[in-house]
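# Structure at a glance
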Amino acid sequence: MSSRALQRSVMLSALILLRATAAGGLPGDGSAVWAENPSVSPVDASQLFVYDTFPENFLWGVGTGAFQVEGSCEEDGKGPSIWDRFIHARPRHVNGINGSSDSCLFLDKDLSALDFLGVSFYQFSISWPRLFPDGTVAAANPDGVRYYQTLLDALARRNIEPVVTLFHWDLPWELQERYGGWQNESMVDLFNSYATYCFQTFGDRVRYWITIHNPYLVAWHGYGTGMHAPGQKGNLAAVYTVGHNLIKAHSKVWHTYDRNFRPRQRGWLSITLGSHWIEPSRPGHAGDALRCQQSLASVLGWFAEPIHGGGDYPAALKRTPPARLPAFSEAERREVSGTADFFAFSFGPSNFKPPSTMAKMGQNVSLNLRRALNWIKLEYGNPRILIAENGWFTDGYVSTEDTTAIYIMKNFLNQVLQAIKFDGIQVFGYTAWSLLDGFEWQDAYSTRRGLFYVDFNSEQKERKPKTSAYYYKQIIRENGFTLQESTPDVQGQFPCDFSWGVTESVLKPEFMASSPQFTDPHLYLWNATGNRLLHRVEGVRLKTRAAQCTDFVSIKRQVEMLVRMKVTHYRFALDWASVLPTGDVSVVNRQVLRYYRCVVSEALKVGISSMVTLYYPTHAHLGLPTPLLRSGGWLNASTAEAFADYAGLCFRELGDLVKLWITINEPNRLSDVYNRTSNDTYRAAHNLLLAHAHAWHLYDGRFRRAQRGAVSLSLHSDWAEPANPYVDSHRDAAERFLQFEIAWFADPLFKSGDYPPAMRDYIASKRRRGLSGSALPAFSPAERALLRGAADFCALNHFTTRFVMHEPRRRAGRHDADRDVQFLQDVTRPGSPSRLAVVPWGARKMLRWIRQRYGDLDVYITASGIDDPALEKDQLRGYYLQKYVQEALKAYLIDKIKVKGYYAFKLTEEKSKPRFGFFTSDFRAKSSTQFYSKLISSGGFPLENSIPRCSQTPSTECTVCLFLLQKKPLIFFGCCLFSTLLLLLSITIFHRHKRRKIWKAKDLQNIPLKKGHNRVLS
């Protein structure tokens, strides 16, 4: 080699190395993605759904693969591909082989579909055997050339940019037969000749070229698992040889384009690389993070590291035995490195299913596209990225109503927007996959991925837009996600008499005081026999004082927590079974009633009023006295009478202190317990309504005049939204859910005295058609009169919004089957471990629906909250409170709904249950208590520097009072200690003074006297 040639070689090597290090990251840098950042909040703006637009020149596209949609069209001279032979020779390897979208016959329909979407580019592949039936570049098939010329011309007229893939898996069969396909290195030159012809023929209209689509699947499934054509399997050496030749083929084509066509055509060329994503099974564990890095390196890095990195395979892959993994020579590494003008990335089901596609290494598969993009950024120096394939699949029987596909697309697209906005990733385009339903490789026609539905058995193969097509069209038109769901936050305050509350479930009473030292008249000796026990001294009686409410430690603890939260109201529930063990008023546990009275009175002492719930059942604990439970519970009409007696007792004993009463908490959920048959459910609900009405009339007739309180029942009131806004049946299902869930109990009380007609008619219709055996009970005229108006306010327990779709059910036997609804989880919304989605605007919609249906009622939100797994910094709960109270304020200020109170759920959490509490089970405060107390002190969201409208105690005084209340025992002990020290000091001073006098007297006795003087002793 001459010195000049050697110098050029060294300079080229240095240039390649400089490009690989300056423009790219270092191998292994991507592992930083799995390094946990505990400081990032789950409700940080960077982690939440982003309502924003994509960059101004962002490219929106859609894609197809030639073999999947074109059809065979054998009459136009197309040659067979390896996939044609594969599916006919091995029909068991695919799920059906009939049908096609026939794009080569119905091109105009494809173009109309593109017009409908409004895309800026169309990614399609050229069928190698359609241009060259035997694979070799000799005389091209004129019909094939004409088809692609027509397509490109039509796209140009529409200003739609073509993105053309040269090889999407349909290798001409002749090349497989003659050379053994991609196992033979001769394919490198053959592919380069085919690509050169395409550049020459079509390159004047194409700016974006893709050489090969997802070479990993070509090698792995075509020669490893045998699931793809040509169907070879078990030979790992062949797998890596195929991958090696695919990389070299791509590299050669890139250099051909770069050298011969780029100067004139000014286009860009890349290769589409696909991958899964994976998360450590043990977050933060270094070993698991390393295995995740190895998993990505063995799939995406296999092709990305040579092309986008340093020209060689990842170190993890090179540990493969040399006999299996080919090696690049130094010249080949220089040839391969940097042969992509952008990073084309595929992230779809083909990279995830079947499971043999992925090297999971014991870790957890995830659909987190954003983190995959971050891995690419870190590994390869933040390249420009085109999402060249993204989307999901539906089952083959799904036609145009593909609701699940909308939510998956929404999630993927927002992850891309997050990556651009917060992570600085250079994504310049997105390809939704695919335009049409077509042949889905090993799944054939058993799954669908198109935005347009095609009936493969029809003659005309009409393209019908699915709901996902309407959704994608909207995204393209708006260039992202505009804020439509909720209006901007408002600044303002609730009125001064607004009830700021916190809810607790059933308070289990203390049957005797926790501090008996002041009420027990007996004297005790401790450790008299050395056994460290107290022994009563018989015959000795001490003077005691009367029992006091402060003797109950649990009450003191509750009051301390309430004062700390600065609430004005405390909602808690009585335990019916503890008050009346036998179920009737013949046996009353007065100690239990005294305990509850103490709770109310002690709260009142610190300015906190109580909202008392008489009956608070749960699925785990029905809460009825045992005799009533044995007699059939709420299926027995006599239980309603027993409840009225119990309610009367509580009104009489506690009513002078309680102004707000809830008779029954969530009777619309309690009825679910009686689910042996749907008619059992409806009968239980019937008796619950009558029980409430009897209790209300009892209060209204006997107690209201003197006690001046208000009585209602609280309903579980989650809002319902159609899961798919483009489908009428989903809108109907959402309204039907509200009728069956809320109007079921609200209509009899606030409207007609009877069940909602929509509910009654729907059940009757299903019964007539033989789809249900259900029947709603009938109210007599007297019962309707009893029910109508039997509530003083509307009490709603609102936690979340449900996304509802129509799902017909046949004779399931349960009442929920009568509704014909199915719920869908929107993964794009922040949620809790119990799958509660944070959808604040649903609360305001619920309040509007209540007013529209029942008029201008006083409304209390009597329970609202979310479970947060954090034991201290419960940021999710703080976010939830801020957003949901904001929506309540909008309803009050803008909609003029009479929202009278908001009660956060709940005061303390329970062990082994979802963490809904502001305080832990051992009474430690979480950070949300401080946020809620500030919200209460502000009365909402006031303007900055606004003057408080309501008189409030200065916060410093409250802090001092709270300190004194919490440290009362310690302060008492300190005072005693100080008094004792003061007494000892006084005694000491007194004795010292006395002693000084005595010594002085003695000294006087020793003084000699004059003659004739007598000594006088004091």
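The following refers to the structure shown. (Residues numbered from 1 in each chain as written. Predicted model: local features only at pLDDT ≥ 70, side-chain atom pairs only at ≥ 80, totals over all residues. Heavy atoms only, no water.)

### With respect to unusual backbone geometry
Under the convention used in this document: Helix numbering and strand numbering both begin at the N terminus, where a helix is a DSSP run of H or I of at least 4 residues and a strand a DSSP run of E of at least 2. Here the term buried applies to any residue with accessible area under 20% of the maximum for its type, exposed to any over 50%, and partly exposed to those in between, with areas from a 1.4 Å probe on protein chains only.
For the peptide bond that leads from K353 to P354, omega is 0 degrees, which places it in the cis range. With respect to the helices and strands, the residue P354 is situated in the loop between β7 (343–347) and β8 (364–365). Located in the positive-phi region is M361, a residue other than glycine, with phi close to 55 degrees. With respect to the secondary-structure elements, M361 resides in the loop between β7 and β8. With a relative accessible area of 37%, M361 lands in the partly exposed category. If you check the backbone angles, A444 has positive phi at about 50 degrees while not being a glycine. Structurally, the position occupied by A444 is in the loop between β11 (427–433) and β12 (447–448). On the basis of relative accessible area, A444 is assigned to the buried category, the value being 0%.

### A closer look at the side chain of R370
Structurally, R370 is set in helix α15 (residues 369–380). Classification of R370 as buried rests on a relative accessible area of 10%.

### Examining the nonpolar core
Nonpolar side chains in soluble globular proteins tend to end up buried together. Which entries qualify depends on this criterion: The set of buried Ala, Val, Leu, Ile, Met, Phe, Trp, Tyr and Cys residues whose side-chain atoms join them within 4.5 Å is what this entry labels a nonpolar core.
Core analysis: the biggest nonpolar cluster contains 141 residues, and W576, W634, F643, W661, Y902 and Y932 have the highest contact counts within it. Among the elements that line this core, the one with the most residues is helix α24 (residues 678–707), at 13 residues. Counting residues in hydrophobic clusters, the runner-up holds 136 residues, among them V119, L190, I420 and Y472.

### Brief notes about the state of the cysteines
For clarity, the cut-off: Cysteine sulfur atoms that pair up within 2.5 Å are treated as a disulfide.
Scanning the model with the defined rule gives 1 disulfide in all. Covalent S-S linkage joins C549 and C598, the inter-sulfur distance amounting to 2.1 Å. The sign of the -70 degrees torsion about the S-S bond sets the C549-C598 disulfide as left-handed. Within this pair, whereas C549 is found in the loop between β18 (534–541) and α18 (553–565), its partner C598 is found in helix α20 (residues 590–605), the two being separated by 49 residues in sequence. Of the two residues examined, C549 and C598, each falls in the buried class. Between C650, a cysteine without a disulfide, and C598, which holds the nearest cysteine sulfur, the sulfur-to-sulfur distance is 15 Å.

### Thoughts on the pairing of strand β5 (residues 268–274)
In plain terms, the rule: By this definition, two strands are paired if DSSP reports at least two bridges between them.
Burial analysis of β5 places 6 of its 7 residues in the buried class, the great majority of the element. The sheet contact formed by strand β4 (residues 208–213) and β5 spans 4 bridges and is parallel. Note that in β5 the partner of Y208 across the bridge is W268. The pairing of β5 with β7 spans 3 bridges and is classified as parallel. When the sheet's bridge partners are listed, L273 is paired in β7 with F345.

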